[in-house]
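# Secondary and tertiary structure notes
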Amino acid sequence: MDRLFYRPKDAAVVLGMSRTAVFRLIKSGELRSIKYDGYRLVPADALQEFARRLNEAA
């Protein structure tokens, strides 16, 4: 089974960005995330949506 959620540091690896950049995207609302039990999690589909928007803007 594929992962459903990524911690920000793992999302950064998937996106090829720094952890700081991922947190900036989350704060600005460009990358959707949730907070659960004290953890910040990025849904896998949010990573795909973000990548799709970047590709369309290019």
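Refer to the preceding data block for the structure.
Residues numbered from 1 in each chain as written. Predicted model: local features only at pLDDT ≥ 70, side-chain atom pairs only at ≥ 80, totals over all residues. Heavy atoms only, no water.

### Let's talk about the nonpolar core
Cut-off, in case you're wondering: Within this scheme, the nonpolar core is defined by two criteria: the residues are buried Ala, Val, Leu, Ile, Met, Phe, Trp, Tyr or Cys, and they are joined through side-chain atoms within 4.5 Å. Residue burial is assigned from relative accessible area. The probe radius is 1.4 Å, only protein chains are included, and a residue is buried under 20% of its type maximum, exposed over 50%, and partly exposed in between. Helix and strand assignments come from DSSP, with helices taken as H or I runs of at least 4 residues and strands as E runs of at least 2, each series counted from the N terminus. Every residue pair with non-hydrogen atoms within 4.5 Å of one another is taken to be in contact.
Among the nonpolar cores identified, the biggest contains 12 residues, and these are Y6, A11, A12, V22, L25, I26, L31, V42, A44, A46, L47 and F50. Contributions of two or more residues to this core are made by α1 (8–15), α2 (19–28) and α3 (44–57). It is α3 that provides the largest number of residues to this core, a total of four residues. Excluding anything up to four places from it in sequence, V22 contacts P8, A11, A12, L15, M17 and L31.

### Brief notes about the pattern of salt bridges
The condition is simple: A pair is scored as a salt bridge if a Lys or Arg side-chain nitrogen falls within 4 Å of a carboxyl oxygen belonging to Asp or Glu.
Within the structure shown, the criterion is met by three salt bridges. D45 is paired through a salt bridge with R32; the nearest N and O atoms lie 3.2 Å apart. One end of the pair, D45, is in helix α3; the other, R32, is in the loop between α2 and β2 (34–36), and 13 residues separate them in sequence. With a relative accessible area of 38%, R32 lands in the partly exposed category. Here R32 and E49 are joined by a salt bridge, their closest N and O atoms 3.2 Å apart. You can see R32 sitting in the loop between α2 and β2 and its partner E49 sitting in helix α3, a full 17 residues away along the chain.

### Digging into the packing of α1 against α2
Here is the rule: All axes are obtained by fitting lines to C-alpha atoms, using only the stretch in contact for helices, and the reported angles, taken between N-to-C directions, cover 0 to 180 degrees. Should an angle fall under 35 degrees it is called roughly parallel, over 145 degrees roughly antiparallel, and 65 to 115 degrees roughly perpendicular, with every other angle called oblique. The classification used treats Ala, Val, Leu, Ile, Met, Phe, Trp, Tyr, Cys and Pro as nonpolar, Asp, Glu, Lys and Arg as charged, and all other residues, Gly among them, as polar.
Running from amino to carboxyl end, α1 crosses α2 at an angle of 105°, the nearest separation of the two axes being 8 Å. Accordingly, the angle class assigned to the pair α1 and α2 is roughly perpendicular. Taking contact as the criterion, the partners of P8, K9, A11, A12 and L15 in α1 are, on α2, R19, V22 and F23. For the contact of α1 with α2, a count of residues per class yields six nonpolar, no polar and two charged.

### What about unusual backbone geometry?
Of note, the phi angle at D37 is positive, near 50°, even though the residue is not glycine. Locating D37 in the fold gives a position in the loop between β2 and β3 (39–43).

### Overview of the sheet that holds β3
Where we set the bar: Here, strands pair whenever DSSP counts at least two bridges between them.
Read across the sheet, three strands follow the order β1-β3-β2 without closing on themselves; strand pairing throughout is antiparallel. A strand with exactly one partner marks an edge of an open sheet, and here the two such strands are β1 (5–6) and β2. Sheet topology note: the β2/β3 ladder contains three bridges and is antiparallel. Note that in β3 the partner of Y36 across the bridge is Y39.

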